[in-house]
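Geometric and topological summary
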Amino acid sequence: MKITIIGTGYVGLVSGACLAEVGNDVMCLDVDAGKIAQLKRGEIPIYEPGLEPLVKRNVEAGRLHFTTDVAASVAHGQVQFIAVGTPPDEDGSADLQYVLAAARAIGRHMDDYRLVVDKSTVPVGTAAKVKAVIAEELTKRGKTIDFSVVSNPEFLKEGAAVDDFMRPDRIVIGVADERAKQIMRAIYAPIQRNHERMIFMDIPSAELTKYAANAMLATRISFMNELANLAEHLGADIEHVRQGIGSDARIGYHFLYAGCGYGGACFPKDVSALQQTAQDAGMQLKIIEAVNQVNQAQKSRLLTKITGRFGENLAGKRFAVWGLAFKPNTDDMREAPSNIIVPGIIERGGTVVAYDPVAMPHAKKSFAALPRLDYAKSPQLALDGADCLVIVTEWKEFRSPDFEDIKRRLRTPVIIDGRNLYDPAMVRGYGLEYSGIGRA
């Protein structure tokens, strides 16, 4: 099947490469000529495990193409996936200008039936707006051409996106006509041969499902972070609490890890957009508001622990920071706790030496204006002469370090662990001071 993907960001590039992998003829469109040139050279602009060889293989096989030619992209695919960004507006709502611009381009250039698929994360009512914009462009041209609009929200986890696309838990499709339904079924048939994963529903429900899913996961994180802060005051251990409640099948263990807050491109944006959607409907989502407030406060939790141990004036103090990305297996630093912690240390006069396996190139751009910030070539080198090790991201390579070596390298043997990677008693057994999140 010939498919067009509009947008070569995280969702668009992963979706395009995976659809090409199962045999489709995929054309990816982007208005960013630099990005398209980069992709044509075989350079992948994002870090995502497994994505680079997938793109390379399908480009070489002639199934995956990249272009800036809008007319050519509309002519190419009977199915047009819109996978452009929906950044938060000033009021927290999703900015739909790129989605609607893509829809408008389709309406301007289409000459035959097109199935338009909203893959971007968008608020309820977006499909109706996309449909109206396309119809408006066709009217301007004096054309009467049949088309369909469906909602097919993505559920890709950064760091596991390729596997999530190829082995999804579910494929949510919001659809209003049988022709569109059958085309969508054909598109996803190769990746659901084992069992039925497609869930068909009305379009508004599909649009809301994406926000509801991310809001639920964010709620679990903030809930555990609040409990963790309480546990510290009560002398309890949040890890024991997590095991105790996670063993209940009605609750489960997923997303019950306390830490220094969530970040990334999805949870913060989608929680805010859901709040704004409710406000636009004359409603208030009190739980969702609290989730956002708790998360913002939690990002400063490590700073509170640092100043509680070393004082508000950190002049002359050196901090080794392990992890800058918002989560492991990605270089994405959007809304990451490191964006609060690193500047917070420096604003108080401290020096930071940071290490992250893949996010340091982004950090060097984001933190370019910050003084007293250096980057280490290894986690061990970041420790040399530091007064404290601060763990911000739970990369696998941090999980089982040589604690004797850590103690030798640190000037002051202190670990502040924002991801609860270690057993407190074990670490203290090496003569290190240890403070986690919610650990007695």
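For the structure itself, consult the block above.
The following paragraphs examine the structure supplied in this document. In every chain, residue numbers begin from 1 and rise along the written sequence. Two thresholds apply to this predicted model, a pLDDT of at least 70 for residue-level local features and 80 or more for giving and counting side-chain atom pairs, whereas whole-chain, interface and lining totals are computed over all residues. Working from all heavy atoms in the structure, the side-chain values ignore hydrogens and water.

Details of unusual backbone geometry
A positive phi angle is found at Arg372, which is not glycine, with a value near 55°. Within the secondary structure, Arg372 sits in the loop between α15 (360–366) and β11 (373–375). Burial classes: relative accessible area under 20% of the type maximum marks a residue as buried, over 50% as exposed, and values in between as partly exposed (1.4 Å probe, protein chains only). Residue classification places Arg372 among the partly exposed positions, given a relative accessible area of 36%. Even without being glycine, Asn420 reaches a positive phi, approximately 50°. Helix and strand assignments follow DSSP, with helices taken as H or I runs no shorter than four residues and strands as E runs no shorter than two, numbered in order from the N terminus. Locating Asn420 in the fold gives a position in the loop between β13 (414–417) and α18 (424–429). Classification of Asn420 as buried rests on a relative accessible area of 9%.

Some points on the sheet that holds strand β9 (residues 318–322)
In spatial order, the strands read β11-β10-β9-β12-β13-β14; together these 6 strands make up an open sheet with parallel pairing. Each edge of the sheet is formed by a strand with only one pairing partner; in this case those strands are β11 and β14 (433–435). Going across the sheet, the axis of each strand differs from the next one's by a mean of 20°, ignoring polarity. Both β9 and strand β12 (residues 388–391) contribute to a ladder of 4 bridges, which runs parallel. The residue bridging Ala320 from the neighbouring strand is Leu389, located in β12. In what follows, residue pairs with any heavy atoms lying within 4.5 Å of each other are defined as contacts. Here an axis means a line fitted to C-alpha atoms, over the contact stretch when the element is a helix, while the angle between two N-to-C directions is reported on a 0 to 180 degree scale. Sheet strands touched by helix α13 (residues 301–310): β9, β12, β13 and β14. Its angle to β13, the strand with the most contacts, is close to 160°. Relative to the sheet, helix α14 (residues 338–347) contacts β9, β10 (351–355) and β11, its axis offset from that of β10 by approximately 155°. Two strands are counted as paired when DSSP detects at least two bridges linking them.

Notes on the packing of helix α1 (residues 10–21) against helix α3 (residues 51–60)
α3 packs onto α1 with a crossing angle of 50° between their chain directions and a minimal axis gap of 9 Å. Taken together, the axis directions place α1 and α3 in an arrangement best described as oblique. Considering how the two elements wind past one another, α1 and α3 form a crossing that is left-handed. Residues Leu13, Val14, Ala17, Cys18, Ala20 and Glu21 of α1 pack against Leu51, Leu54, Val55, Arg57 and Asn58 of α3. Looking at side-chain class alone, the contact of α1 with α3 contains 8 nonpolar, 1 polar and 2 charged residues. Note on angle classes: values under 35 degrees are labelled roughly parallel, values over 145 roughly antiparallel, values of 65 to 115 roughly perpendicular, and the remainder oblique. Left-handed describes a crossing whose near helix is turned anticlockwise from the far helix through less than a right angle; right-handed describes the clockwise counterpart. In this classification, the charged set is Asp, Glu, Lys and Arg, the nonpolar set is Ala, Val, Leu, Ile, Met, Phe, Trp, Tyr, Cys and Pro, and all remaining amino acids, among them Gly, are polar.

Comments concerning the environment of Ser300
With respect to the helices, strands and loops of the structure, Ser300 is situated in the loop between α12 (286–298) and α13. Given the relative accessible area of 29%, Ser300 is considered partly exposed. Taking C-alpha positions, Ser300 is 7.7 Å from Pro337, a pair spaced 37 residues apart along the chain.

Points about the pattern of salt bridges
We define a salt bridge as a contact between a side-chain nitrogen of Lys or Arg and a carboxyl oxygen of Asp or Glu at a distance within 4 Å. Going through the model one piece at a time under the given rule, you end up with 29 salt bridges. Arg104 serves as the salt-bridge partner of Glu136, at 3.5 Å between the closest nitrogen and oxygen. Highlighted residues: Glu136 in helix α6 (residues 126–141) and Arg104 in helix α5 (residues 97–109), separated in sequence by 32 residues. Overlapping salt bridges bring together Arg104, Arg108, Glu136, Glu137 and Lys140 as one network.

Things to note about the packing of helix α9 (residues 203–234) against helix α10 (residues 238–246)
Helices that pack against each other are described as a pair by the angle of their axes relative to one another and the distance between those axes. Interaxial distance between α9 and α10 falls to 9 Å at its minimum, and their mutual angle equals 135°. The angle between α9 and α10 falls in the class oblique. In terms of crossing hand, the pair formed by α9 and α10 is right-handed. Touching Met224, Leu227, Ala228 and Ala231 of α9 are Ile238, Arg242 and Ile245, all from α10. Across the contact of α9 with α10, the residue classes break down as 6 nonpolar, no polar and 1 charged.

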